[in-house]
Amino acid sequence: MKEQIIKQTELFVQNELGEDATGHDWHHIDRVRRNALYIWKKEQAGDPFIIEMAALLHDIPDEKLNDSVGQGEEKLASFLSMIPLSDQHKIEIEEIIYSISFKGGNSVKLKTIEAQIVQDADRIDAIGAIGIARAFAYGGKKGQPIYDPNVQVREHMSVEEYRNGKSTTIHHFYEKLLKLKNLLNTNTAIKMAESRQQMMELFLQQFYQEWKGQES
């Protein structure tokens, strides 16, 4: 039964996010799912079914990917109502999904190891080479410039400011991506993040070097 539910969920998510061009496509979802199950296996903690389901569905209600917050919430609730899950499992999955977002650094305290693992898996995919690629894909889709040295890094933001305030993709590294390693929950994820963090730091060094241009 659980395998059938997973397959049904995969098809639903592929249909909803398969054509996404912001870095939140099916391949992102699948990487988060695989990272989450890897962390679960290493940590030997939590319910793997709940972890996998939450990982698969974590971007379905995301307000960035829907016309409104309410539309995203309804989309997730509607799907969960169609599959044979206990009310408790549905509650657990929804609680994870609605608690793991970065929200400009205004994250909530996580209640379960399952939520910690899914959050770590999602954050791991936001850093490193993949994270760099996703950042520029999202920035371009949102209409943000690559970089503007006259724009200031935003240190403290409300959720509204984080979502809609003026920034650039390079600034996004300082406002979110470089912070994620120190916000991870599990030892496994922290180890996974080390080389990815170095990749981002090296990229930024090279970026600034090239930004200045080559003097004749």
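Residues numbered from 1 in each chain as written. Predicted model: local features only at pLDDT ≥ 70, side-chain atom pairs only at ≥ 80, totals over all residues. Heavy atoms only, no water.

**Digging into the overall build of the protein**
Put simply, the rule reads: We count a stretch as a helix when DSSP gives it H or I for four or more residues in a row; a strand needs E for two or more, and each element gets its number in order from the N terminus. Atoms considered for the radius of gyration are the C-alpha atoms alone. The globule rule reads 2.2 Å times the number of residues to the power 0.38. For every residue, the accessible area (1.4 Å probe, protein chains only) is compared with the maximum for its type, and the residue is labelled buried under 20%, exposed over 50%, or partly exposed between those bounds. In this description, contact between two residues means that some pair of their heavy atoms is separated by no more than 4.5 Å. For every accessible area listed, the method is Shrake-Rupley and the probe measures 1.4 Å; residues are considered covered only by the protein chains on display.
For the protein, the count of helices and strands is 10 helices and zero strands. For the protein, the succession of helices and strands along the chain, N to C, is α-α-α-α-α-α-α-α-α-α. The globule rule puts the C-alpha radius of gyration for 216 residues at 17 Å, and the 18 Å found for the protein is close to it. With the C-alpha coordinates aligned to their principal axes, the bounding extent of the protein is approximately 65 × 35 × 30 Å. Relative to its 216 residues, the protein shows a buried fraction of 46%. Residue pairs at least 24 apart in sequence account for 64% of intrachain contacts in the protein once pairs closer than 6 positions are excluded. As displayed, the protein offers around 11700 Å² of accessible surface, 49% of which is attributable to carbon and sulfur atoms.

**Let's talk about the side chain of Asp 59**
Operational definition: Just so you know, the count uses Lys and Arg for positive and Asp and Glu for negative, and it drops His and the chain ends. Just to be clear on terms, a salt bridge is a Lys or Arg side-chain nitrogen sitting within 4 Å of an Asp or Glu carboxyl oxygen. N or O atoms closer than or at 3.5 Å make up a polar contact, with two conditions inside protein: a donor-capable atom paired with an acceptor-capable one, and, for residues adjacent in sequence, both atoms drawn from side chains.
With respect to the helices and strands, Asp 59 occurs in the loop between α3 (48-57) and α4 (69-82). Arg 134 provides the closest opposite charge to the buried, salt-bridge-free Asp 59, at an N-O distance of 5.2 Å. At a separation of 3.2 Å, a polar atom in the side chain of Asp 59 contacts the side chain of His 28. In this structure Asp 59 touches Leu 17, His 24, His 28, Ile 29 and Leu 65, once residues within four positions along its chain are discounted.

**Thoughts on the nonpolar core**
Counted only if it meets this: Grouping buried Ala, Val, Leu, Ile, Met, Phe, Trp, Tyr and Cys residues that are joined through side-chain atoms within 4.5 Å yields what is termed a nonpolar core.
If you look at the biggest cluster of nonpolar residues, it comprises 52 residues, and the most contacted ones within it are Val 13, Met 53, Leu 57, Leu 85, Ile 93 and Phe 173. The dominant element in this core, judged by the number of residues it contributes, is α3, at eight residues. Sequence-distant contacts of Ile 93, that is, excluding residues within four places in its chain, are made with Ile 50, Met 53, Ala 54, Leu 57 and Leu 85.

**Concerning the pattern of salt bridges**
Per the counting criterion, the structure on display carries 10 salt bridges. Arg 33 is paired through a salt bridge with Asp 30; the nearest N and O atoms lie 2.9 Å apart. Of this pair, Arg 33 and Asp 30 both sit in helix α2 (residues 26-43), three residues apart, which is roughly one turn of the helix. Overlapping salt bridges, with partners in common, bring together Lys 7, Glu 10, Asp 30, Arg 33, Arg 34 and Glu 52 in one network.

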